[in-house]
Amino acid sequence: MTTNSISARGLNRSTLARQLLLGRAAVGAEEALRRVVALQAQQPASPYVALWNRVAGFEPGDLDGVFGGFRAVKSTLMRITLHVVHADDYREFRAAVEPTVRGARLGDPRFRASGLVAEDADALLPELLRVAERPRTAGELTDWFAGRVGPDGEKLVTACRMLRQYAPLWHAPVDGSPWSYASDKRQLFVAAEAGVRPRLRDPEATAAGLRALIRRYLAGFGPASVADMAQFALVQKGRVRAALDEDLERFTGPGGEVLYDVPGGPLPEPDVPAPPRLMAMWDSVLLAYADRGRVLPPEYRRHVTRVNGDVLPTVLVDGYVAGVWRLAPGGGGVEVGAFRPLPEEAWAGLEAEARGVARLLMGRDPGAYRRYDHWWDKGLPVAEGRVLGG
């Protein structure tokens, strides 16, 4: 039964609290990852920037260690996208999204163009996992694949990539990479450890995994609607409804929709202050909901989420996206482009944040987000811009 209502601002504050964005938490990188559930990881620097925003005294070496010990793992998971999750969550999360990943990768016309079908991938998978018991490059896996199915140029390379993304493989840390993982041809892949490897094509494992994923999602992002949960995992709404536990709390959302939550989930007062933040590219708080207006005002969405799917580094002011940021060209601080005029106290808070994120990026890889500067060059609706933290 729905017993309480919650406002749009109340939902915003709930998200910020659970995502450690109302105040940096005095926890380690591993515990922070457990709390925030999953971090988008298409860009190798982003998990570091995400945790820098959430963890008091964050040191990138702490996350290096968690990655190096495979306590945090990077793999294709929710929304068929690279995520970093805690190793203890991997089995259930991967099982939950098994039908989605299988259909998207083994049903892709580019996979079938090689002459293979899903059953061929199933037959190849055990040997692939044996080959990948130690870290392998994409080229090594492609050579192995060619030796099993025959050379066919680019079609074969693409089919191997699809199989690699379907298989329970993790990205392996790369020596010398500033962010533990490489984003180029130096990428390494390794089979998921046997103890947390999911059972594929197993309906019971998939159902149990989705129930676990939903509870973890609600703990880190709730309260949320069925549509929100389906968007986060990229699964059908019917599967979500079937996986909802009886003990979940219910609320009426600002539009009259039913929202679900774990019992006792934090619900801060809507007027609790929210500090400014400079968020990572593809930060999860922008992508975890069907209604992204919880954090991203609708009028700014097309400026932040570009036509090819790039989600730019954003500026949060009072808990909502108010602009975008980048390292200033030529170094010397962070350039902030605000979509609306900001009060001076907001700029003062952003100054301190800019100094911190500039130290993080400049100390490791000043070019981490540089390839996305072209979006600035093509024009953004900046009402006010400043270079901070120089």
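Keep in mind that this is a model prediction, so the values were computed, not measured.

Procedures and definitions
- Residues numbered from 1 in each chain as written.
- Predicted model: local features only at pLDDT ≥ 70, side-chain atom pairs only at ≥ 80, totals over all residues.
- Heavy atoms only, no water.
- Helix = DSSP H or I, 4+ residues; strand = E, 2+ residues; numbered from the N terminus.
- Rg over C-alpha atoms; globule rule 2.2 N^0.38 Å.
- Contact = heavy atoms within 4.5 Å.
- Areas by Shrake-Rupley, 256 points an atom, 1.4 Å probe, with all protein chains shown as cover.
- Lys, Arg positive; Asp, Glu negative; His and termini not counted.
- Charge placed at Lys NZ, Arg CZ, Asp CG, Glu CD.
- Core = buried A, V, L, I, M, F, W, Y, C linked by side-chain atoms within 4.5 Å.
- Buried < 20%, exposed > 50% of the residue type's maximum accessible area, 1.4 Å probe, protein only.
- Phe/Tyr/Trp six-rings, centres within 6.5 Å; stacked < 30°, edge-to-face > 60°.
- 1 Å grid on protein atoms, 1.4 Å probe; cavity = no way out; pocket = protein on both sides within 12 Å on 5 of 7 lines; lining within 4 Å.
- Points joined across faces, edges and corners; volume = space filled by probe spheres on them.
- Nonpolar A, V, L, I, M, F, W, Y, C, P; charged D, E, K, R; others polar.
- Pairing = 2+ DSSP bridges.
- Axes fitted to C-alpha atoms, helices over the stretch in contact; angles between N-to-C directions.
- Left-handed = near helix turned anticlockwise from the far one by under 90°.

> Can you walk me through the overall build of the protein in this structure?
Counting its secondary structure elements, the protein contains 16 helices and 14 strands. The C-alpha radius of gyration of the protein comes to 21 Å, within 12% of the 21 Å expected for a compact globule of 390 residues. Expressed along its principal axes, the backbone C-alpha trace of the protein runs to roughly 65 × 55 × 35 Å. Expressed as a percentage of contacts within the protein between residues at least 6 apart in sequence, the contacts between residues at least 24 apart total 69%. Summed over all atoms, the accessible surface of the protein reaches about 15600 Å², with 51% contributed by carbon and sulfur. Within the protein, the 47 negative side-chain charges are centred at a point lying 3 Å from the centre of the 50 positive side-chain charges.

> Even after reading the chapter, I still don't get the nonpolar core, so can you show me in this structure?
Among soluble globular proteins, nonpolar side chains are generally buried collectively. Formed by 70 residues in total, the largest nonpolar core has its most connected members in Leu278, Leu286, Trp325 and Val334. For this core, the element with the highest residue contribution is helix H15 (residues 344–364), accounting for 8 residues. Not counting residues within four places of it along the chain, the set of residues in contact with Val334 comprises Leu278, Trp325, Arg326, Leu327, Ala328, Ala354, Val357, Ala358, Arg386, Val387 and Leu388.

> What am I meant to see in the packing of aromatic side chains here?
For any two aromatic rings, the description comes down to two numbers: the centre-to-centre distance and the angle of the planes. In the structure shown here, the tally under the stated rule is 14 aromatic pairs. Among the aromatic side chains, those forming a connected cluster through ring pairs are Tyr48, Phe67, Trp179 and Tyr181.

> For this particular structure, what's the right way to read the environment of Val295?
Looking at the secondary structure, you find Val295 in the loop between strand S10 (277–278) and helix H14 (301–304). Given the relative accessible area of 0%, Val295 is considered buried. Note: C-alpha distance between Val295 and Val174 (121 residues apart in sequence) is 34 Å.

> Before we go on, may I ask you to explain the layout of surface pockets in this structure?
To find the voids left in a structure, one rolls a probe of water-molecule size over its atoms. Size it by volume and the largest pocket reaches roughly 610 Å³. Lining the largest pocket are 27 residues; nearest its centre among them are Gln42, Leu82, Gln165, His171 and Gln187. The set of elements that each furnish at least two residues to the lining of the largest pocket consists of strand S3 (72–76), helix H10 (153–166) and strand S6 (169–172). It is H10 that provides the largest number of residues to the lining of the largest pocket, a total of 4 residues. Partitioned by chemical class, the residues of the lining of the largest pocket number 10 nonpolar, 10 polar and 7 charged.

> What's the story with the pairing of strand S13 (residues 334–338) in this structure? I'm lost.
In regular strands, side chains alternate between the two faces of the sheet. Along S13, 4 of the 5 residues are buried, which leaves the element largely enclosed by surrounding structure. Linking strand S12 (residues 320–327) to S13, which pair antiparallel, is a turn of 6 residues; within it Gly330 sits at a positive phi near 85 degrees. Pairing between S13 and strand S14 (residues 384–388): 5 bridges, direction antiparallel. Residue pairing for S14: Val336 is matched across the bridge by Arg386.

> For this particular structure, what's the right way to read the sheet that holds strand S1 (residues 4–5)?
What links the strands of a sheet is backbone hydrogen bonding, and the strands pair in either a parallel or an antiparallel sense. One open sheet accounts for 3 strands, arranged S1-S8-S9; its pairing is mixed. The sheet is open, and its two borders are formed by S1 and strand S9 (258–261), each paired with just one other strand. Taken together, the 4 bridges between strand S8 (residues 249–252) and S9 define a ladder with antiparallel strand orientation. Counted as the bridge partner of Glu249 is Asp261 from S9.

> Looking at this model, I keep getting lost on the packing of helix H8 (residues 118–131) against helix H9 (residues 138–149). Mind explaining?
For any two helices packed against each other, one specifies the crossing angle of their axes together with the interaxial distance. Following both chains from N to C, one finds H8 and H9 inclined at 145 degrees, their axes separated by 11 Å at the closest point. Like other packed secondary-structure pairs, H8 and H9 cross with a definite hand, here right-handed. Contacts from Leu124, Glu127, Leu128 and Val131 of H8 reach H9 at Leu141, Trp144, Phe145, Arg148 and Val149. The class makeup of the residues in the contact of H8 with H9 is 7 nonpolar, no polar and 2 charged.

In short, the description is geometric, and any link to function would need to be established separately.
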